[in-house]
Amino acid sequence: MIRRVSTNSCLSATAFGSFMKWSFNSSKFHGESLDSSVSPLLVPGVHVFHCPDVVGIVAKLSDCIAAKGGNILGYDVFVPENKNVFYSRSEFIFDPVKWPRRQMGEDFQTIAQKFNAMSSVVRVPSLDPKYKIALLLSKQDHCLVEMLHKWQDGKLPVDITCVISNHERAPNTHIMRFLQRHGISYHYLPTTDQNKIEEEILELVKDTDFLVLARYMQLLSGNFLKGYGKDVINIHHGLLPSFKGRSPAKQAFDAGVKLIGATTHFVTEELDSGPIIEQMVERVSHRDNLRSFVQKSEDLEKKCLMKAIKSYCELRVLPYGTQKTVVF
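Residues numbered from 1 in each chain as written. Predicted model: local features only at pLDDT ≥ 70, side-chain atom pairs only at ≥ 80, totals over all residues. Heavy atoms only, no water.

Visitor: Talk me through the side chain of Asn 234; I want residue IDs and the actual numbers.
Guide: Tracing the sequence through the fold places Asn 234 in strand β10 (residues 232-236). With a relative accessible area of 9%, Asn 234 lands in the buried category. Discounting chain neighbours no more than four positions away, the residues touching Asn 234 are Leu 213, Thr 263, Thr 264, His 265, Val 267 and Asp 272. (Helix = DSSP H or I, 4+ residues; strand = E, 2+ residues; numbered from the N terminus. Buried < 20%, exposed > 50% of the residue type's maximum accessible area, 1.4 Å probe, protein only. Contact = heavy atoms within 4.5 Å.)

Visitor: Pulling in residues and values, what's your account of the sheet that holds β10?
Guide: What the seven strands build is an open sheet, ordered β8-β7-β6-β9-β10-β11-β12; its pairing is mixed. Where the open sheet ends on each side, the last strands, each with one partner, are β8 (185-188) and β12 (276-283). For this sheet, the mean angle separating the axes of adjacent strands, direction not counted, is 20 degrees. Taken together, the seven bridges between strand β11 (residues 259-266) and β12 define a ladder with antiparallel strand orientation. When the sheet's bridge partners are listed, His 265 is paired in β12 with Ile 276. (Pairing = 2+ DSSP bridges. Axes fitted to C-alpha atoms, helices over the stretch in contact; angles between N-to-C directions.)

Visitor: Residue-level account of the side chain of His 237, with values.
Guide: For His 237, the position within the fold is in the loop between β10 and α7 (248-254). A residue is classified by how much of its surface remains accessible, and His 237, at 18% relative accessible area, is buried. Polar contacts involving the side chain of His 237 include one to the side chain of Arg 215, which spans 3.4 Å. (Polar contact = N/O pair within 3.5 Å; in protein donor to acceptor, adjacent residues only side chain to side chain.)

Visitor: Please provide a residue-by-residue account of helix α2 (residues 101-114), values included.
Guide: Here α2 contains 14 residues, and its C-alpha end-to-end distance of 20 Å stays within 8% of the 20 Å for a straight helix at 1.5 Å per residue. For α2, the set of buried residues is Arg 101, Met 104, Gly 105, Asp 107, Phe 108, Ile 111 and Ala 112. Each buried residue of α2 sits inside an arc of 165 degrees when the element is viewed along its axis, so together they form one side. Along α2, exposed side chains directed more than 90 degrees from the buried face belong to Arg 102, Thr 110, Gln 113 and Lys 114. Just beyond α2, the residue with positive phi is Asn 116, at close to 55 degrees. (Expected span 1.5 Å × (residues − 1). Arc of directions from axis to C-beta.)

Visitor: Could you give me a rundown of helix α5 (residues 198-205), with the residues and numbers involved?
Guide: Listing the buried residues of α5 in full gives Glu 198, Ile 201 and Val 205. Angular distribution of buried residues about the axis of α5 spans 60 degrees; they occupy a single face of the element.

Visitor: An account of the packing of helix α3 (residues 142-152) against helix α8 (residues 290-313) is requested, with residue identities and associated values reported.
Guide: Contact geometry of α3 with α8 gives a least axis separation of 9 Å together with a crossing angle of 45 degrees. Taken together, the axes of α3 and α8 are oblique relative to one another. Here the hand of the crossing between α3 and α8 comes out right-handed. Touching His 142, Cys 143, Glu 146, Met 147 and Lys 150 of α3 are Glu 298, Glu 301, Lys 302, Leu 305, Met 306 and Ile 309, all from α8. Of the residues in the contact of α3 with α8, the class split is five nonpolar, one polar and five charged. (Parallel < 35°, antiparallel > 145°, perpendicular 65-115°, else oblique. Left-handed = near helix turned anticlockwise from the far one by under 90°. Nonpolar A, V, L, I, M, F, W, Y, C, P; charged D, E, K, R; others polar.)

Here is the structure:
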């Protein structure tokens, strides 16, 4: 049975506790602010909850918010058939004077303990810090440029701590000038098959909340992923599984494909097999030359990566088993 609840009206109640990363250990919320134009006195928040499915979860969470004078603006529930698990995501508004941020976290943590929750996360965009991220890339710039422009426009709800690449870039390029102007450090770390420079990368990213591989053409080892211990998000140049090896767009072009795509997924030890966050597709035809074909492919990659990061920061992405995700 699948239950889905959605509402646009201001109902009394609903909110929650302290967030997860992929491993469910994080208790901070970071990301883009919700619309706070409803009232200058009320602050928007988001809560996600993942626990074994039992009767009374929605009522308990709603009562928690209602007791503090909060109102639900949107609510989604997913209960997969024969899985005995419950997922929910709520958007709500509240008065931080009546319900202090710290008390909110404690209240939802109490509910999480009551229902043996695997994840209970609350985020208040106007009060909580944004995610700190690092970007890793190789030679191609299109995903990096898109992210930097969105970040500059306030549409990417993160703080970019640094950019790391295994390719050197001249200091007078538009990317290097942009990074310097905004105080974002650039680290050139040349890699070889024998030395992936992973210890140096781990030192640079140790204070980040998650990593983004913006077309980073190097494999990250299991030791790196365990050492980092937080989420790593990758953009893949196709619909997994896809053409492998060098020049995948040219391979697809030469094969005469009619549909191209891009996939954003979490990185795991098994190559290109992590849980999928977002996928996008576009039709191509015999009228496309290689240049237009590659341009369409790169445009998809940029859009797919940006949407996935936005969903992640807005707490729309929750793990579903070991290989899937719930994306509200």
